[in-house]
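Commentary on secondary and tertiary structure
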Amino acid sequence: MQRNIQLLAFATMFVTTTSLVNAADLTKAYDMPDASKMIEKDLLAKPTKFTMPKGCVKDDAASIARGEFIFHNLNGKKAKGTPPEGLVKFVEKKGKDGKVKKKAKQYGNCVACHNIEGAKGGGNIGPDLTNYKKTFIDSKVRDNAFVFQKIADPRIDNPKTHMTVNLTTKLFTEQEICDLASYVVSDKSKK
Amino acid sequence: MKRVILPIALLVSLATAGEQFAMSDADRAMYKEMLENNPADIYVEEGGELLEENLGGEEALAKFLGVSEKELPKYIAGFPRYIKKLGNVVGIDQVLQAMQVEQGKEKTKLKDKKMFSMLAYVKSLANDEQFTIDINANEQIKASYDLGKKTFETARGGRGLSCLSCHSKDIVGQVLRTQPLPDLGEAGAGATWPAYRMTKSSLRTLQRRFQGCMKNALLKVIPIGSKEMVGLEVYVSTLAQEKKKPITIPGLKR
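Just so you know, these numbers come straight off a predicted model, no measurement behind them.

**Focus on the packing of aromatic side chains**
Across all of its chains, the model carries 6 aromatic pairs over all chains by this definition. Between the aromatic rings of Y75(B) and F79(B), the centroid separation amounts to 6.1 Å while the plane-to-plane angle is 85 degrees, which identifies the pairing as edge-to-face. Owing to a relative accessible area of 18%, Y75(B) belongs among the buried residues under this scheme. An aromatic cluster of three or more residues is present, and its members are Y145(B), F152(B) and Y235(B). It is K188(A) that lies over the ring of Y183(A); its NZ or CZ is 4.9 Å from the centre.

Structure follows, in structure tokens:
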């Protein structure tokens, strides 16, 4: 009898201490990974004004073709057909582990928000860019430098824009912005 | 198990949406058919079995949360919420992990399909309830809401976009490539995930859905269960709460 009570007391003590330990442990019992550093590194830089390089926007078939391809496609993995000369579907990037990985090259997917000549499933978040040359450039409402800056960083013209930022984020090179601008302002009426 | 009742308005808008939208007539027919028989029902059921076998079911859950079984649905409708003994504002999935650890079981990963199923089951206990999130209940939930709202509005990634770029009031309903932009409150997003995602043929949770938008828009994809993700869930859930959208799990999405 005496022994039984002792055992019971011991068992109760054991149970309460374990549950006490557990209770203290529960603040670490679940996963809550840190994301703040990932976000910190990913932040968008301040609105940036760019100077359009000389000979940037031009009536050059190769440049316009690249601009067109970037405009209508999301990335190299999803793009159909062969990209024009000077543009690739995949780029090689060195990972943290030092291994070289093939990554789909990102394109503009401008068509997600804009309609334009030949657009398939164009969105309407941005203005329709059909007939852009005639409506905006020939009429002198816009010039090439405006188009270049708009694509590079639209926030300079409109701080509250819904449009994507393309050069400040380094998603594209200056040359690629020139290609896009050349395509937007090109005369597509004869095509 | 309670079945999801989809708002008539959504069906009508799907049925009348023009050519430019991604849903074809065949898709719409399939959608209607699936409404009657949501493929995710079996995952929710599986989640219920896992909870029962692995953790002791609703009774154990209610006990862990310090509420009666009767109070459980309303209490669940308040998630994500601050749980004192866990020291943070947490999601249902994190509560389940803590229960597993307390019972000496192996912790299921937050992104594990089994966890998605269990989470869906537990949230479905609150079906037909409206959210009961009180962002002024304590400083922790207030901070979580604020962090969620901030995360929602922070522009980042390769295209300099934030969630708000595509989900602000002024552009709702406009078309992004064939997809009309949803009003997250009106769509009851917080109240209808976990959902069966037809285009992915699987059960997805709200935080997993956030990751989808991040990936598509080139925002660095942040991990499920992080403070920012829980905050986003709080924020997006309150949008559904403001519109008085009842919880209906599992949802059914394009």
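And the narrative resumes.
**Some remarks on the packing of helix 3 (residues 61-72) of chain A against helix 6 (residues 174-185) of chain A**
Residue and element names in this part refer to chain A. Packing of helix 3 against helix 6 brings their axes to within 7 Å, and their N-to-C directions diverge by 90 degrees. By the criterion of interaxial angle, the relationship of helix 3 to helix 6 is roughly perpendicular. Residue-level contacts link S63, I64, R66, G67, E68, I70, F71 and H72 of helix 3 to Q175, E176, C178, D179, L180, S182, Y183 and V184 of helix 6. Across the contact of helix 3 with helix 6, the residue classes break down as 7 nonpolar, 5 polar and 4 charged.

**Remarks on the pattern of salt bridges**
Residues and elements named next belong to chain B. Applying the stated criterion to the full structure yields 13 salt bridges over all chains. For K74, the salt bridge is made with E129, and the minimal N-O distance between the two is 3.4 Å. On the criterion of sequence distance, the pair formed by K74 in helix 5 (residues 72-76) and E129 in the loop between helix 7 (113-124) and helix 8 (139-153) is long-range, its members being 55 residues apart.

**Considering helix 5 (residues 144-152) of chain A**
Among the residues of helix 5 of chain A, V147(A), F148(A), Q149(A), K150(A), I151(A) and A152(A) are the ones counted as buried. In this structure, the buried side of helix 5 of chain A is in contact with helix 4 (132-137) and helix 6 of chain A.

**Describing the packing of helix 6 (residues 92-102) of chain B against helix 7 of chain B**
Residue and element names in this part refer to chain B. Contact pair helix 6 / helix 7: the axes reach a minimum separation of 9 Å and the direction vectors enclose 110 degrees. In this view, helix 6 runs roughly perpendicular relative to helix 7, as classed from their interaxial angle. Contact residues: helix 6 offers I92, D93, L96, Q97 and Q100, while helix 7 offers M115, M118, L119, V122 and K123. Considering only residue class, the contact of helix 6 with helix 7 consists of 6 nonpolar, 2 polar and 2 charged.

**Structural notes on the environment of L180(A)**
All names here are of chain A. With respect to the helices and strands, the residue L180 is situated in helix 6. Take L180: its relative accessible area is 2%, and that puts it in the buried class. As for L180 and C56, which are separated by 124 residues in sequence, their C-alpha atoms are 10 Å apart. Other than its neighbours up to four places away in sequence, L180 contacts G67, I70, F71, C110 and I151.

**So, the interface of chain B and chain A**
Across the boundary between the two partners, chain B contributes 46 residues, which contact 35 residues of chain A. Summed over both sides, the interface of chain B with chain A buries roughly 3,300 Å², with 58% coming from carbon and sulfur. Residue D31(A) pairs with K107(B) through a salt bridge whose shortest N-O separation is 3.0 Å. At the boundary of chain B and chain A, one finds 18 residue pairs in polar contact (both at pLDDT 80 or more). Those elements giving two or more residues to the side of chain B that touches chain A turn out to be strand 2 (88-90), helix 6, helix 9 (163-167), strand 3 (175-176) and helix 12 (227-242) of chain B. Among the residues forming the side of chain B that touches chain A, the class breakdown is 21 nonpolar, 15 polar and 10 charged.

**Focus on the confidence of the model for chain A**
Summarising the model, chain A shows a mean pLDDT of 88, and 87% of its residues fall at 70 or more. Here residues 14-22 of chain A is a poorly scored stretch, pLDDT under 50, and it has 1 contact once near neighbours within four places are set aside; other chains count.

What counts, and where the lines are drawn
Residues numbered from 1 in each chain as written. Chains lettered and ligands numbered in written order. Predicted model: local features only at pLDDT ≥ 70, side-chain atom pairs only at ≥ 80, totals over all residues. Heavy atoms only, no water. Phe/Tyr/Trp six-rings, centres within 6.5 Å; stacked < 30°, edge-to-face > 60°. Buried < 20%, exposed > 50% of the residue type's maximum accessible area, 1.4 Å probe, protein only. Lys NZ or Arg CZ within 6 Å of the ring centre and 35° of its normal. Axes fitted to C-alpha atoms, helices over the stretch in contact; angles between N-to-C directions. Helix = DSSP H or I, 4+ residues; strand = E, 2+ residues; numbered from the N terminus. Parallel < 35°, antiparallel > 145°, perpendicular 65-115°, else oblique. Contact = heavy atoms within 4.5 Å. Nonpolar A, V, L, I, M, F, W, Y, C, P; charged D, E, K, R; others polar. Salt bridge = Lys/Arg side-chain N within 4 Å of Asp/Glu carboxyl O. Buried area = accessible area lost by both parts, 1.4 Å probe. Polar contact = N/O pair within 3.5 Å; in protein donor to acceptor, adjacent residues only side chain to side chain. pLDDT = per-residue confidence, 0-100.

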